[in-house]
Amino acid sequence: MDSTPYDVVIVGAGVAGALAACRIKEAKPYARVLLLDAGDNNLTEDQRAAFVGAYQVSETKNVPSPYAALGNNQQGWAPSSDNTGDPVAMNRYYVETGPDLFKSGFTRMIGGSTWAWRGNTPRFLPSDFELRTRFGIAVDWPLTYDDLEPFYAQAENELGVSGNRAEWDELTPRSTDFPMPGIVASYGDELVRTALATLDPIDGTPVTLVTTPQARNSRTYQGRSPCLGNASCIPVCPSGAKYDASVHVRRARDVLGVEVRTGCTVTRLVPRPGNAAPTVVLRDWTTSDRAEQQVDGNHVVLALNAIEIPKLWLISGLDNRSDQVGRNLMDHLTEEVVGLFGKPVFPFRGPQSTLSIETFRDGDWRRTTGAFRMTVGNDGWGRFESPSAALDKLMWDPAGQRLKRYGQDLRDKLADRVTRMMRIGYSTEQLPDPANRVTLSDQRDALDVPRPKIAFKVDDYSKRALAYGHSVARRIWQHMEDTAGARAVEPLQPTLKYNGAGHHMGTTRMGTDRSSSVVDADGLSHAHANLWVVGSSVFPTGSTANPALTLAALTLRTADKLASAL
């Protein structure tokens, strides 16, 4: 009799780990599957309500604020962090060596960062898988868009993606319709669509607004309500209409019989002889002694993010003869142009964005300059200036240390400003660079585990993308000034003061060549038997699309391969 207690041990209960657990268990109901995660939050509606309540009373209203009471945040290891330009905030867990700041944090909890994501789920373009072949840059993926397309469709069904097929078939050819119609555009977005209807192509590229695919219900789906129009998708959806991975964790645990253990931080993997998968060593930080425990599985799946997977691999001293583990860390660098529309657009009614401009995601310019996605913001000025910051700016004179407005005058000025806030954001492609990497720091976290050390540099390819994105956004805004009375645009010139998108990618890339990749096209380690990796860390390149749907599709594909091996 097989003495191994589990057929599959999955490390990480975010969207990749939870999807993998469900898919494997559905294919092989007899399989003994263990899902481990360092988070310890509940998955009940009461827990969601507590997160919403914490956010409502928080002064900061940032990504970590709903989750500040979780034990991992209170105790200071891998705290939830905003995608901020503040090096102090980012280095509470990361140890950054520069020369630029990696600005994307993550949320360590059951369900992972999908609790705090915006929910946008565009597919990669067919060309995104073939940058070397088509443009002579970076590398090709070991699979194509056509290889992944059926899994894209399945992932959209799993997450519950709303979208309008007619708007997307030419850009990303589809074999099926979206599970739900697209989210209805906000009032302000429709005003922008009308204003841009007369805009000529920019540098030969048409500016067309389309409905952004979102893992957000436009009707009742998976027992969850349609979107109720809350504007706090980042950092928390009050209703659960936006997908988060707790959906699949609950399904794995309560319906399929997957064993889920929480509060368990995996500290290292210990190789075993022959074709055995490594032993998983963990600490349950909810116990008083936090003593090490060990579990074995016939297969081990690493479903953490692109920071934590290479960190764990390097701590464990696993085979890295390719010298690729931790390298090629990528993000989507983002900026925005903001201003006041000519009439009230009434932001903050509905999701934070409903319309996007996808036409600058591909073109021959990608040989020298990164492509970018653009979104029309429905959240005022986003991180550029919150309503509370607008109030402070209108009310207080910091130089004179005095009130400069109050009463009806203040109310009128605030109403005029906040109701007309509009932004156009752009999120740029970043090429893989082996010097952008995750290694181990000498500093240790509260569990005495080495903290990740990050070296990161924004190269000229990305800087040109940011500059070109600003140029396009600025010309779009100029048209709205000319036709719709918009004004007060900022910034007038590109600043290269990028934000992080929270899109950790790369660091255990897939490929056919063992000397230049960590896993194969199925997510199976080149160097270690029965060790699999799922998530965006396997991406060879980053595209311009939010990575969640692509990592979900890849996870389903890998889970099928693993299940067939059981």
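Note that the structure is a prediction, hence the values are computed from the model and not measured.

1. Let's talk about the pairing of strand β17 (residues 450-456)
Regular strands have side chains that alternate between both faces of the sheet.
Step number 1: Most of β17 is tucked away: six of the seven residues are buried.
Step number 2: Bridge count between strand β3 (residues 95-99) and β17: four bridges; the pairing is parallel. Residue pairing across strands places glycine 98 opposite alanine 455, the latter belonging to β17.
Step number 3: Taking the residues that link successive antiparallel strands as the turn, the strand β16 (residues 437-444)-β17 hairpin has five residues, and the phi of aspartate 448 there is positive, at about 65°.

2. Notes on the sheet that holds β16
Step number 1: Ordered in space as β3-β17-β16, the three strands form an open sheet in which the pairing is mixed. The open sheet terminates on both sides in strands that have one partner only, identified here as β3 and β16. If you compare each strand with its neighbour and ignore which way they point, the axes differ by 25° on average.

3. Re the pairing of strand β7 (residues 279-284)
Step number 1: The buried count for β7 comes to five of six residues, which makes it a mostly enclosed element.
Step number 2: Note: strand β6 (residues 264-270) against β7, six bridges, orientation antiparallel. Directly across from valine 270, in β7, lies its bridge partner threonine 279.

4. Describing the packing of aromatic side chains
Step number 1: Going through the model one piece at a time under the given rule, you end up with 20 aromatic pairs.
Step number 2: Considering the side-chain rings of phenylalanine 124 and phenylalanine 129, the 5.8 Å spacing of their centres and the 50° angle between planes classify their relative orientation as tilted.
Step number 3: We classify phenylalanine 124 as buried; its relative accessible area is 0%.
Step number 4: Residue phenylalanine 129 is classed as buried on the basis of its relative accessible area of 1%.
Step number 5: Ring centres of phenylalanine 360 and tryptophan 365 lie 6.4 Å apart, and the angle between their planes is 40°; this geometry places the pair in the tilted category.
Step number 6: Three or more aromatic residues joined by ring pairs make a cluster, and in this case those are Phe124, Phe129, Trp141, Tyr145, Tyr152 and Phe539.
Step number 7: The ring of tyrosine 55 is capped by lysine 61, whose NZ or CZ atom sits 5.6 Å from the centre of that ring.
Step number 8: Cation over ring: arginine 174 sits above phenylalanine 178, and NZ or CZ is 3.7 Å from the ring centre.

5. Some details on the packing of helix α1 (residues 15-27) against helix α13 (residues 548-565)
Step number 1: Running from N to C, α1 and α13 cross one another at 35°; their axes reach a closest spacing of 9 Å. Where α1 crosses over α13, the handedness of that crossing is right-handed. Contact residues: α1 offers Val15, Ala16, Leu19, Ala20, Arg23, Ile24 and Ala27, while α13 offers Leu551, Ala552, Thr555, Leu556, Ala559, Asp560, Leu562 and Ala563.
Step number 2: Of the residues in the contact of α1 with α13, the class split is 12 nonpolar, one polar and two charged.

6. A look at the sheet that holds strand β9 (residues 297-302)
The strands making up a sheet are joined through hydrogen bonds of the backbone, oriented either antiparallel or parallel.
Step number 1: Read across the open sheet, the five strands follow the order β5-β2-β1-β9-β20; overall the sheet is parallel. Each edge of the open sheet is held by one strand with a lone partner, namely β5 (259-261) and β20 (531-533). With direction set aside, neighbouring strand axes in the sheet form an average angle of 20°.
Step number 2: Against the sheet, α1 touches β1 (6-11) and β2 (33-36), its axis set at about 170° to β2.

7. Re the packing of helix α10 (residues 387-395) against helix α11 (residues 407-418)
Step number 1: Two elements in contact, α10 and α11, have axes separated by 10 Å at closest approach and are oriented at 140°. With respect to each other, α10 and α11 are oriented oblique. The two elements α10 and α11 meet at a crossing, and its hand is right-handed. Of α11, the residues touching α10 (which contributes Pro387, Ala390, Leu391, Lys393, Leu394 and Met395) are Leu410, Lys413, Leu414, Arg417 and Val418.
Step number 2: Partitioning the contact of α10 with α11 into residue classes produces eight nonpolar, no polar and three charged.

8. Quick look at helix α7 (residues 187-196)
Step number 1: Among the residues making up α7, those that are buried are Gly188, Asp189, Leu191, Val192, Ala195 and Leu196. One side of α7 carries all its buried residues, which in axial view fall inside an arc of 155°.
Step number 2: Those residues of α7 that are buried are in contact with β4 (209-211), β11 (353-357), β12 (372-377), β15 (421-428) and α12 (460-484).

9. Quick look at the nonpolar core
Step number 1: Of all hydrophobic cores here, the largest spans 92 residues; its most connected members are Ile10, Leu36, Leu159, Val280 and Leu302.
Step number 2: In terms of residue count, α13 provides more of this core than any other element does, nine residues in total.
Step number 3: Apart from residues lying up to four places away in sequence, leucine 302 is in contact with Val11, Leu269, Ile309, Leu312, Trp313, Leu531, Trp532, Val533 and Val534.
Step number 4: The next biggest cluster of nonpolar side chains, apart from the first, holds 44 residues, and it includes Tyr93, Phe341, Phe360 and Trp477.

10. As for the side chain of arginine 417
Step number 1: With respect to the element layout, arginine 417 can be found in helix α11.
Step number 2: Overall, the relative accessible area of 17% leaves arginine 417 in the buried class.
Step number 3: With residues up to four places along the chain from it excluded, the contact list for arginine 417 reads Leu340, Trp381, Glu385, Ala390, Lys393 and Leu394.

11. Overview of the environment of valine 258
Step number 1: Along the chain, the position of valine 258 falls in the loop between α8 (246-255) and β5.
Step number 2: When the C-alpha positions of valine 258 and isoleucine 24 are compared, they lie 9.9 Å apart, and in sequence the two are 234 residues distant.
Step number 3: Apart from the residues lying within four places of it in its own chain, the contact partners of valine 258 are Ala21, Lys25, Val33, Leu35, Ala252 and Arg253.

12. A few points about unusual backbone geometry
Step number 1: Going from glycine 98 to proline 99, the amide bond is cis rather than trans, its omega being 10°.
Step number 2: Structurally, the position occupied by proline 99 is in strand β3.
Step number 3: The amide bond that connects isoleucine 234 to the next residue, proline 235, takes the cis arrangement and shows omega of 20°.
Step number 4: Within the secondary structure, proline 235 sits in the loop between β4 and α8.
Step number 5: Positive phi values are uncommon outside glycine, yet glutamine 222 reaches one of about 55°.
Step number 6: Inspection of the secondary structure assignment puts glutamine 222 in the loop between β4 and α8.
Step number 7: Overall, glutamine 222 belongs to the partly exposed group, its relative accessible area being 36%.

Quick notes on the rules
- Residues numbered from 1 in each chain as written.
- Predicted model: local features only at pLDDT ≥ 70, side-chain atom pairs only at ≥ 80, totals over all residues.
- Heavy atoms only, no water.
- Buried < 20%, exposed > 50% of the residue type's maximum accessible area, 1.4 Å probe, protein only.
- Helix = DSSP H or I, 4+ residues; strand = E, 2+ residues; numbered from the N terminus.
- Pairing = 2+ DSSP bridges.
- Axes fitted to C-alpha atoms, helices over the stretch in contact; angles between N-to-C directions.
- Phe/Tyr/Trp six-rings, centres within 6.5 Å; stacked < 30°, edge-to-face > 60°.
- Lys NZ or Arg CZ within 6 Å of the ring centre and 35° of its normal.
- Left-handed = near helix turned anticlockwise from the far one by under 90°.
- Contact = heavy atoms within 4.5 Å.
- Nonpolar A, V, L, I, M, F, W, Y, C, P; charged D, E, K, R; others polar.
- Parallel < 35°, antiparallel > 145°, perpendicular 65-115°, else oblique.
- Arc of directions from axis to C-beta.
- Core = buried A, V, L, I, M, F, W, Y, C linked by side-chain atoms within 4.5 Å.

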